Amino acid sequence: MLLPNLFVIGAMKCGTSSLHHYLDQHPQVSMSSNKEPNVFLAPDWRQEVSRYAEMLDPDAAVRGESSTNYTKFPKFPDAPARIAGLVPDAKLIYVAGDPIQRTLAHYAQTVSDETESRSLDEAVSDFEDPENTYVWNGRYATQAERFLAHFPASSLLVLDQADLRSDRVGTMREVFRFLGVDDAFSSPEFESMLNTRRERRRVGSLGTRVRESRAAGVYRRIPARVRRPMTQTAHRVLSRPVERPALDDDLRARLVELYEPEIERLAELSGRRIRWAR
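Note that the coordinates shown come from a computational prediction; the quantities given were computed from them, not determined experimentally.

Participant: Quick question: what am I supposed to make of the sheet that holds strand β5 (residues 156-160) here?
Facilitator: Sheets are built from strands that pair by backbone hydrogen bonding, the pairs being arranged parallel or antiparallel. The strand order β2-β3-β1-β4-β5 describes an open sheet built from five strands, whose pairing is parallel. On the outer flanks of this sheet lie β2 (29-31) and β5, each paired with one strand and no other. On average, adjacent strands in this sheet sit at an angle of 25° to one another, irrespective of strand direction. Contacting β1 (6-10), β3 (62-65), β4 (91-96) and β5, helix α10 (residues 168-179) runs over the sheet at an angle of about 175° to β5.

Laid out in structure tokens, this is it:
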């Protein structure tokens, strides 16, 4: 059975898409064609494992995937034990960034995706709600400890998202050394960052009706080379920007109080102190 031996386990909105892309440039590394296959989340996950055969190169020394849902406890509590049970010698990479900025980026994405209609305060304020992944995803030590209950500390590499941005070559050398592959490798692709703070937009009611018309086949007779720029232009005309909301002082103070011990504990666990603006 073809299995990964590397899991980039998170955190969401902390540069995992870029890291997945950089890793895949290395000739000794094969990253899954579907960045987030989420194989170990489903109740029938053992049947899902066979999907790796379609996503990974069997001849690669390192075979990896990057499902950030694996560090969304308590929403998805079982992934660490399932991974350890099947791939006990796996390497784990956890990218963490400023937890407050991560929370805001996560919220802005769900608003843009039209899966969130609540205000920031309404969505975030209940810190203990198991569905509040905006906050739980930033509890980095809590998430890491779930994996360290099943893996030795030497299996886990924690990266600071700020380092991935400011010292990409040096950070990737550290990653390659951790994986036991040629750490002198570099690529022009290291110059790119994926899923950066591009402008997010939300479609209004008119845009929704236009999109539904597209789904019904209104545009089918238009050649694709013409349809694509038309669609892009229509999206900008029929949508509005989604800005990251400003935190009020009370909510910021509560988040700092929540996240500060998580950052400290993560440093104790991993030797990596995440830089963040309190």
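Participant: I tried to follow unusual backbone geometry on my own but got confused; where do I start?
Facilitator: Working note: non-glycine residues mostly have negative phi, and peptide bonds are mostly trans. Put simply, Gly10 and Ala11 share a cis peptide bond, and its omega is 0°. Counting through the fold element by element, Ala11 comes out in the loop between β1 and α1 (16-25). Put simply, Phe73 and Pro74 share a cis peptide bond, and its omega is 5°. With respect to the helices, strands and loops of the structure, Pro74 is situated in the loop between β3 and α4 (79-86). At Lys13, a residue that is not glycine, the phi angle is positive and equals roughly 70°. In this structure, Lys13 sits in the loop between β1 and α1. The phi dihedral of Glu114 is positive, around 65°, even though this residue is not glycine.

Cut-offs applied
- For every chain, the first residue of its written sequence is number 1, and the numbers climb from 1 along that sequence.
- Thresholds applied to this predicted model are a pLDDT of at least 70 for local features of residues and 80 or more for the giving and counting of side-chain atom pairs; totals over whole chains, interfaces and linings are not thresholded and use all residues.
- To obtain the side-chain values, all non-hydrogen atoms of the structure were used and water was disregarded.
- Pairing between strands is defined by DSSP: at least two bridges between the two strands are required.
- Starting at the N terminus, helices and strands are each numbered in turn, a helix being any DSSP run of H or I of at least four residues and a strand any DSSP run of E of at least two.
- Fitted lines through C-alpha atoms give the axes, limited to the stretch in contact for helices. The angle between two N-to-C directions lies from 0 to 180 degrees.
- A contact between two residues is defined here by any heavy atoms of the two lying within 4.5 Å.

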